[in-house]
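If you want the building blocks of each chain, they are given just below.
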Amino acid sequence: MNAPVRSLSRMSAGIVGSEILKIAAEIRAKIAQGENVLNLTVGDFRPDLFPIPESLRRGVVAALEAGETNYPPSDGLLDLRKAVQRFYAERLGLEYPISGIIIASGVRPTLYTAFRTLLDEGDTLLYPVPSWNNNHYTWLSGAKGVAVEAGPETHFLPTAESLRPHIGEARVLTLNSPLNPAGTAYSEPELEKIVALVLDENGRRDSAGRPPLMLVYDQVYWMLTFGLVRHLTPVGIDPRMRPYTVFNDGISKSFAATGLRVGWCVGPDEVMGPFSSLLGHIGAWAPRAEQAATVSFLQDAETVDRFLAGMKGEIVGRLELLHEGFGQLKQDGYPVDSIPPQSTIYLSVRFDLIGKSLNGNTINTNEEIRRFLLEQAGFAAVPFQAFGLKAESGWFRLSVGAVSQADIRTLVPALRRALDAIG
Ligand SMILES: Cc1ncc(COP(=O)(O)O)c(C=O)c1O
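Since the structure is predicted, the reported quantities are computational estimates derived from the model, not experimental observations. (Residues numbered from 1 in each chain as written. Predicted model: local features only at pLDDT ≥ 70, side-chain atom pairs only at ≥ 80, totals over all residues. Heavy atoms only, no water.)

**Quick notes on the pattern of salt bridges**
Here comes step 1: In this structure the tally under the stated criterion is 25 salt bridges.
Here comes step 2: For aspartate 48, the salt bridge is made with arginine 46, and the minimal N-O distance between the two is 2.8 Å.
Here comes step 3: On the accessibility criterion, aspartate 48 (56% relative accessible area) is exposed.
Here comes step 4: Accessibility expressed as a relative area gives 34% for arginine 46, which makes it partly exposed.
Here comes step 5: Residues glutamate 314 and arginine 318 are paired through a salt bridge, measuring 2.8 Å at the closest nitrogen-oxygen approach. Within this pair, glutamate 314 and its partner arginine 318 are both found in helix α13 (residues 301–331), separated by four residues, close to a single helical turn.
Here comes step 6: Given a relative accessible area of 36%, glutamate 314 falls into the partly exposed group.
Here comes step 7: The structure contains a network of salt bridges with shared partners spanning Glu26, Glu367, Arg370, Arg371 and Glu375. (Salt bridge = Lys/Arg side-chain N within 4 Å of Asp/Glu carboxyl O. Buried < 20%, exposed > 50% of the residue type's maximum accessible area, 1.4 Å probe, protein only. Helix = DSSP H or I, 4+ residues; strand = E, 2+ residues; numbered from the N terminus.)

**Here's the deal with unusual backbone geometry**
Here comes step 1: The omega angle of the peptide bond from valine 129 to proline 130 is 5 degrees, so this bond is cis rather than trans.
Here comes step 2: With respect to the helices and strands, the residue proline 130 is situated in the loop between β3 (124–129) and α7 (134–140).
Here comes step 3: Proline 181 follows asparagine 180 through a cis peptide bond whose omega is 20 degrees.
Here comes step 4: Locating proline 181 in the fold gives a position in the loop between β5 (170–176) and α9 (188–207).
Here comes step 5: A positive phi angle is found at histidine 155, which is not glycine, with a value near 55 degrees.
Here comes step 6: As for its position among the elements, histidine 155 is in the loop between β4 (144–149) and α8 (160–167).

**Looking at the domain arrangement of the chain**
Here comes step 1: One can read the domain layout of the chain as domain 1 (3–50 + 305–419) and domain 2 (54–300).
Here comes step 2: Of note, the centres of domain 1 and domain 2, computed from C-alpha atoms alone, are 26 Å apart.
Here comes step 3: Tallying the contact residues gives 37 residues for domain 1 and 34 residues for domain 2.
Here comes step 4: Counting every contact that joins domain 1 to domain 2 gives one salt bridge.
Here comes step 5: The closest approach of N and O atoms between aspartate 305 and arginine 91, which form a salt bridge, is 2.8 Å.
Here comes step 6: For the pair domain 1 and domain 2, the interface holds 17 residue pairs in polar contact (both at pLDDT 80 or more).
Here comes step 7: Put simply, the parts of the chain that give the side of domain 1 that touches domain 2 at least two residues each are α2 (10–13), α3 (19–32), α13, β10 (346–351) and β15 (395–399).
Here comes step 8: The dominant element in the side of domain 1 that touches domain 2, judged by the number of residues it contributes, is α13, at eight residues. (Domains from an automatic or database assignment. Contact = heavy atoms within 4.5 Å. Polar contact = N/O pair within 3.5 Å; in protein donor to acceptor, adjacent residues only side chain to side chain.)

Listed below in structure tokens is the structure:
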């Protein structure tokens with residue numbers, strides 16, 4: 001029966017599901033069947049390895065018991081908006097009125113709503129690849145996507161030079177730092193150049209009476225930076241970016257709370273007004289009890305800092321183990337490479353196996369490399385194609401939220417043995 005297809009809108013008929021979730025589902029099914037696979041696919045956490053903060057958990061239970069079970073206000077609990085306001089002022093130096101802060105059920109609805117608020121059909125959304133889901137948001141917004149490729153030489157972050165040729169036609173530029181999938185983050189000089197590019201462009205548009213170029217800045221991983229890496233914001237770099245910048249953020253990653261569904265969007269009033277109306281119709285509100293618990297948690301600076309220090313230690317320990325293991329393999333002449341971890345829960349790794357032969361067959365694609373890693377080395381990873389990069393270059397994202405350090409210690413020797421079979 002083909003009839004159902006004819007009943008679909010063009011938008012939903014053309015929709016493509018998440019490539020990452022597809023791979024993750026395949027791996028979960030294998031594990032459920034008893035196969036021994038290390039799952040480094042999803043940007044999520046195993047709750048036994050990365051539990052949410054204890055006070056946050058207790059806060060959710062207490063809020064439910066106290067009857068926080070009805071609709072929250074559609075913009076979010078006022079106390080949570082105030083808590084985010086203070087959190088941003090104290091930790092990022094960003095001062096926003098309450099009207100510029102809206103709560104949603106995670107970061108996804110803030111991104112979707114921001115794009116729908118800022119883009120008309122046919123407008124250009126400029127985004128870098130590799131990046132997370134921008135191809136899908138382009139489609140959902142009816143926009144024209146322009147993807148700019150970034151490579152390992154810039155840690156997979158787009159530069160002002162690479163964006164410049166496309167900036168004139170863009171209605172919205174979207175950036176994500178720290179970056180999923182690469183685990184890297186903007187340095188001050190690079191972000192300064194991009195800020196200057198946007199401000200110059202908007203100076204020209206203002207003189208010509210044209211609408212400004214807006215920047216959707218996804219900073220969901222901003223608390224997960226390591227060592228000397230410091231998170232930077234466009235508005236922190238130059239306050240003149242304030243009318244053009246929409247921040248997307250939430251508790252999902254920094255507090256291992258992906259299932260709690262609390263996110264927020266922060267931006268200029270003229271955007272956040274219509275944003276609020278649109279989000280209200282979608283109804284993607286964060287659950288009320290989770291909002292109430294997040295208020296108390298964010299206000300407790302000491303607990304937040306203690307939790308983050310512990311969590312970052314656990315993550316960076318895993319990422320460093322992987323990076324050092326791959327470094328050792330590289331030194332021993334194996335075709336692998338990785339980028340030093342700077343942030344997030346991800347490591348960028350290259351398995352340079354294209355053109356190499358396995359059991360008499362030549363490896364031609366990242367998908368073949370993915371299968372090789374899964375079947376011969378026992379671990380699952382996501383190729384950068386799932387993040388929009390076209391080249392069959394052997395680059396993969398490894399996510400450490402669902403593996404232990406002991407797991408990782410078995411991964412590198414298993415990979416070494418598997419690579420010994422490659423000619
Ligand atoms: C860059 C980035 N933004 C947003 C999200 C979505 O976050 P949430 O789970 O809060 O919707 C993710 C999740 O993987 C992400 O990596």
